[in-house]
Amino acid sequence: QQQRLRSDLQFLDEARKLAKIKKISIPEALAQLAAEENARNVIGNTQSRRTNLQSALQGLTGDVKSDQNIDTDEKLNCKIFVCDEETTACVGFITLPNRETTKFDECRSFIEANLRGKNSEIPKKWSFYAPKLGPISTKQEAKLVVLPFLSSTSAGVRLGDGSEQNPLRVLVRSAR
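Residues numbered from 1 in each chain as written. Predicted model: local features only at pLDDT ≥ 70, side-chain atom pairs only at ≥ 80, totals over all residues. Heavy atoms only, no water.

Caption draft 1: Structural view of unusual backbone geometry. The phi dihedral of Lys23 falls on the positive side, at around 55°, and the residue is not glycine. Secondary-structure assignment places Lys23 in the loop between α1 (2–22) and α2 (26–61). With a phi close to 75°, Lys132 is a non-glycine residue in the positive phi region. The residue Lys132 is located in the loop between β3 (126–130) and β4 (134–136) in this model. (Helix = DSSP H or I, 4+ residues; strand = E, 2+ residues; numbered from the N terminus.)

In C-alpha coordinates form, the structure reads like this:
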(Lines give C-alpha, C1' and ligand atoms only; values in the text may rest on other atoms or scores of the structure.)
Protein backbone atom coordinates (compact mmCIF):
# COMPACT_ATOMS: atom_id res chain seq x y z
CA GLN A 1 0.00 0.00 0.00
CA GLN A 2 2.85 2.36 0.80
CA GLN A 3 4.41 1.69 -2.59
CA ARG A 4 1.11 2.39 -4.35
CA LEU A 5 0.72 5.60 -2.31
CA ARG A 6 4.22 6.70 -3.35
CA SER A 7 3.39 5.93 -6.96
CA ASP A 8 0.15 7.96 -6.74
CA LEU A 9 2.00 10.88 -5.13
CA GLN A 10 4.63 10.80 -7.91
CA PHE A 11 1.85 10.76 -10.48
CA LEU A 12 0.19 13.77 -8.82
CA ASP A 13 3.55 15.56 -8.67
CA GLU A 14 4.05 14.96 -12.40
CA ALA A 15 0.53 16.31 -13.04
CA ARG A 16 1.33 19.48 -11.07
CA LYS A 17 4.52 20.03 -13.10
CA LEU A 18 2.66 19.41 -16.36
CA ALA A 19 -0.15 21.80 -15.32
CA LYS A 20 2.41 24.50 -14.52
CA ILE A 21 4.33 24.04 -17.79
CA LYS A 22 1.26 23.87 -20.06
CA LYS A 23 -0.76 26.34 -17.95
CA ILE A 24 -3.70 23.94 -17.58
CA SER A 25 -5.64 22.79 -14.55
CA ILE A 26 -4.37 19.88 -12.43
CA PRO A 27 -7.41 17.68 -13.33
CA GLU A 28 -6.68 18.30 -17.04
CA ALA A 29 -3.01 17.41 -16.47
CA LEU A 30 -4.04 14.24 -14.58
CA ALA A 31 -6.33 13.24 -17.45
CA GLN A 32 -3.56 13.87 -20.00
CA LEU A 33 -1.00 11.83 -18.02
CA ALA A 34 -3.51 9.01 -17.53
CA ALA A 35 -4.22 8.94 -21.27
CA GLU A 36 -0.47 8.83 -22.05
CA GLU A 37 0.07 6.02 -19.54
CA ASN A 38 -2.87 4.09 -20.98
CA ALA A 39 -1.44 4.51 -24.50
CA ARG A 40 1.95 3.20 -23.31
CA ASN A 41 0.26 0.17 -21.73
CA VAL A 42 -1.71 -0.56 -24.91
CA ILE A 43 1.46 -0.31 -27.02
CA GLY A 44 3.37 -2.54 -24.58
CA ASN A 45 0.60 -5.15 -24.55
CA THR A 46 0.39 -5.09 -28.35
CA GLN A 47 4.15 -5.59 -28.68
CA SER A 48 4.02 -8.42 -26.15
CA ARG A 49 1.16 -10.13 -28.01
CA ARG A 50 3.02 -9.72 -31.31
CA THR A 51 6.16 -11.33 -29.83
CA ASN A 52 4.07 -14.21 -28.46
CA LEU A 53 2.37 -14.68 -31.83
CA GLN A 54 5.72 -14.67 -33.67
CA SER A 55 7.10 -17.28 -31.25
CA ALA A 56 4.04 -19.48 -31.74
CA LEU A 57 4.30 -19.24 -35.53
CA GLN A 58 8.01 -20.07 -35.42
CA GLY A 59 7.20 -23.10 -33.28
CA LEU A 60 4.68 -24.31 -35.86
CA THR A 61 7.18 -24.04 -38.70
CA GLY A 62 10.02 -25.59 -36.71
CA ASP A 63 12.13 -22.43 -37.00
CA VAL A 64 12.37 -21.86 -33.27
CA LYS A 65 15.03 -19.27 -32.48
CA SER A 66 16.21 -17.97 -29.18
CA ASP A 67 14.96 -14.48 -28.26
CA GLN A 68 18.56 -13.46 -27.74
CA ASN A 69 21.07 -12.68 -30.44
CA ILE A 70 23.28 -15.72 -30.22
CA ASP A 71 26.97 -14.89 -29.96
CA THR A 72 29.14 -17.07 -32.18
CA ASP A 73 31.52 -17.66 -29.24
CA GLU A 74 28.67 -18.96 -27.14
CA LYS A 75 28.66 -22.56 -25.94
CA LEU A 76 26.67 -25.22 -27.75
CA ASN A 77 24.09 -26.95 -25.56
CA CYS A 78 23.05 -30.42 -26.71
CA LYS A 79 20.51 -33.01 -25.60
CA ILE A 80 21.73 -36.48 -26.50
CA PHE A 81 19.21 -39.04 -27.74
CA VAL A 82 19.82 -42.73 -28.41
CA CYS A 83 17.63 -43.93 -31.25
CA ASP A 84 16.89 -47.20 -32.99
CA GLU A 85 14.24 -48.26 -35.50
CA GLU A 86 11.48 -48.17 -32.87
CA THR A 87 12.37 -45.78 -30.05
CA THR A 88 14.25 -42.60 -29.19
CA ALA A 89 15.30 -41.85 -25.60
CA CYS A 90 17.02 -38.82 -24.10
CA VAL A 91 20.10 -39.96 -22.15
CA GLY A 92 21.37 -36.59 -20.98
CA PHE A 93 22.91 -33.32 -22.07
CA ILE A 94 26.34 -31.86 -22.69
CA THR A 95 27.69 -28.34 -23.15
CA LEU A 96 30.32 -27.95 -25.84
CA PRO A 97 32.83 -25.08 -25.89
CA ASN A 98 31.89 -23.27 -29.11
CA ARG A 99 28.74 -23.41 -31.22
CA GLU A 100 30.46 -22.47 -34.50
CA THR A 101 33.62 -24.59 -34.40
CA THR A 102 32.91 -27.75 -32.37
CA LYS A 103 33.20 -30.86 -34.51
CA PHE A 104 31.53 -34.22 -34.04
CA ASP A 105 34.73 -35.85 -32.76
CA GLU A 106 34.86 -33.33 -29.89
CA CYS A 107 31.20 -34.00 -29.24
CA ARG A 108 31.99 -37.73 -29.06
CA SER A 109 34.70 -37.05 -26.44
CA PHE A 110 32.26 -35.05 -24.30
CA ILE A 111 29.62 -37.77 -24.55
CA GLU A 112 32.13 -40.50 -23.62
CA ALA A 113 33.50 -38.45 -20.70
CA ASN A 114 30.19 -37.19 -19.30
CA LEU A 115 27.44 -39.63 -20.21
CA ARG A 116 29.08 -43.06 -20.39
CA GLY A 117 29.05 -45.16 -17.27
CA LYS A 118 28.09 -48.59 -15.93
CA ASN A 119 24.37 -48.02 -16.42
CA SER A 120 24.65 -45.91 -19.55
CA GLU A 121 22.01 -46.34 -22.24
CA ILE A 122 24.60 -45.37 -24.85
CA PRO A 123 25.70 -48.45 -26.82
CA LYS A 124 29.35 -49.57 -26.53
CA LYS A 125 29.83 -48.94 -30.25
CA TRP A 126 27.82 -46.05 -31.58
CA SER A 127 27.72 -43.41 -34.30
CA PHE A 128 26.09 -40.04 -34.74
CA TYR A 129 22.96 -40.06 -36.84
CA ALA A 130 21.85 -37.21 -39.13
CA PRO A 131 18.11 -37.17 -39.80
CA LYS A 132 17.36 -37.51 -43.52
CA LEU A 133 20.98 -38.63 -44.21
CA GLY A 134 21.94 -41.49 -41.93
CA PRO A 135 24.97 -42.41 -39.83
CA ILE A 136 28.04 -40.16 -39.68
CA SER A 137 31.37 -42.00 -40.04
CA THR A 138 34.33 -41.42 -37.73
CA LYS A 139 36.22 -39.85 -40.66
CA GLN A 140 33.35 -37.42 -41.16
CA GLU A 141 33.29 -36.67 -37.40
CA ALA A 142 36.77 -35.12 -37.65
CA LYS A 143 35.70 -32.81 -40.50
CA LEU A 144 32.09 -31.82 -39.82
CA VAL A 145 31.12 -28.96 -37.48
CA VAL A 146 28.09 -30.07 -35.43
CA LEU A 147 25.66 -27.12 -35.46
CA PRO A 148 26.07 -25.84 -39.03
CA PHE A 149 26.02 -29.38 -40.44
CA LEU A 150 22.90 -30.55 -38.61
CA SER A 151 21.12 -27.23 -39.23
CA SER A 152 21.82 -27.28 -42.97
CA THR A 153 21.06 -30.95 -43.60
CA SER A 154 18.04 -31.32 -41.37
CA ALA A 155 15.75 -28.50 -42.50
CA GLY A 156 12.21 -29.15 -41.34
CA VAL A 157 13.35 -31.39 -38.47
CA ARG A 158 13.02 -29.62 -35.14
CA LEU A 159 16.58 -29.97 -33.83
CA GLY A 160 16.91 -26.77 -31.77
CA ASP A 161 19.43 -23.96 -32.10
CA GLY A 162 21.96 -24.98 -29.42
CA SER A 163 20.99 -22.28 -26.92
CA GLU A 164 20.22 -23.05 -23.28
CA GLN A 165 16.52 -22.44 -23.97
CA ASN A 166 16.47 -24.61 -27.10
CA PRO A 167 19.31 -27.17 -27.00
CA LEU A 168 20.41 -28.93 -30.17
CA ARG A 169 19.08 -32.48 -30.36
CA VAL A 170 21.91 -34.85 -31.25
CA LEU A 171 21.04 -38.40 -32.22
CA VAL A 172 23.29 -41.41 -31.69
CA ARG A 173 22.62 -45.02 -32.58
CA SER A 174 24.28 -48.36 -32.29
CA ALA A 175 27.05 -48.84 -34.85
CA ARG A 176 26.72 -51.99 -36.91
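Caption draft 2: The arrangement of the packing of aromatic side chains in detail. Within the structure shown, the criterion is met by three aromatic pairs. An aromatic cluster of three or more residues is present, and its members are Phe104, Trp126, Phe128 and Phe149. Here the guanidinium or amino end of Arg108 rests over the ring plane of Trp126, the centre of that ring lying 3.9 Å away. In this arrangement the basic side chain of Arg173 is found over the ring face of Tyr129, its NZ or CZ atom lying 4.5 Å from the centre. (Phe/Tyr/Trp six-rings, centres within 6.5 Å; stacked < 30°, edge-to-face > 60°. Lys NZ or Arg CZ within 6 Å of the ring centre and 35° of its normal.)

Caption draft 3: Representation of the sheet that holds β3. Spatial strand order, β2-β1-β5-β3-β4: five strands in an open sheet with mixed pairing. Each edge of the open sheet carries a strand with a single partner, namely β2 (88–96) and β4. The sheet shows a mean angle of 40° between the axes of neighbouring strands, taken without regard to direction. Two elements, β3 and β4, share three bridges in a ladder whose sense is antiparallel. Directly across from Phe128, in β4, lies its bridge partner Ile136. Seen against the sheet, helix α3 (residues 104–115) touches β1 (76–83), β2, β3, β4 and β5 (168–174) and runs at an angle of roughly 110° to β2. (Pairing = 2+ DSSP bridges. Axes fitted to C-alpha atoms, helices over the stretch in contact; angles between N-to-C directions. Contact = heavy atoms within 4.5 Å.)

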